[in-house]
Amino acid sequence: MILLQNVITIHRPALPIYQSVIEKTRGLSIRTQALRAALSRTGQQQQQQQQQQQQAQAAQEQSVVVEGAR
């Protein structure tokens, strides 16, 4: 740390290239897992909505068939 004219400069030693690559890869892995989890939740919600819509349509079709038979 060097103190000149009320300015503080901190010099950090550079990380070895291998450690830098490992840290960047770790961060990328964590973000990828989070993205995969978010996409999985979204896909499950869409499937549930589609199933509910199909069930509602099937129920409407059954009621139409029953009313038509009367």
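What counts and what doesn't
- Residues numbered from 1 in each chain as written.
- Predicted model: local features only at pLDDT ≥ 70, side-chain atom pairs only at ≥ 80, totals over all residues.
- Heavy atoms only, no water.
- Helix = DSSP H or I, 4+ residues; strand = E, 2+ residues; numbered from the N terminus.
- Areas by Shrake-Rupley, 256 points an atom, 1.4 Å probe, with all protein chains shown as cover.
- Patch = residues over 30% accessible without salt bridge, like charges linked within 9 Å, V, L, I, M, F, W, Y side chains within 5 Å.
- Salt bridge = Lys/Arg side-chain N within 4 Å of Asp/Glu carboxyl O.
- pLDDT = per-residue confidence, 0-100.

S.K.: I'd like a description of the overall build of the protein chain, backed by residues and values.
M.R.: Helix and strand counts for the protein chain come out as one helix and two strands. Starting at the N terminus and walking to the C terminus, you meet the elements of the protein chain as β-β-α. Carbon and sulfur atoms make up 54% of the accessible area of the protein chain, which amounts to about 7100 Å² in all.

S.K.: Report on a nonpolar patch on the surface, specifying residues and quantitative values.
M.R.: Judged by side-chain polarity, Ile17, Tyr18 and Val21 come together as a nonpolar surface patch covering roughly 370 Å² of accessible area. Here Val21 lies in helix 1 (residues 17-69).

S.K.: Mind laying out the confidence of the model for the protein chain, listing which residues take part and the relevant values?
M.R.: Here the protein chain averages 81 in pLDDT, and 84% of its residues register 70 or above. Mean pLDDT across the elements of the protein chain ranges from a minimum in strand 1 (residues 2-4), with 54, to a maximum in helix 1, with 84.

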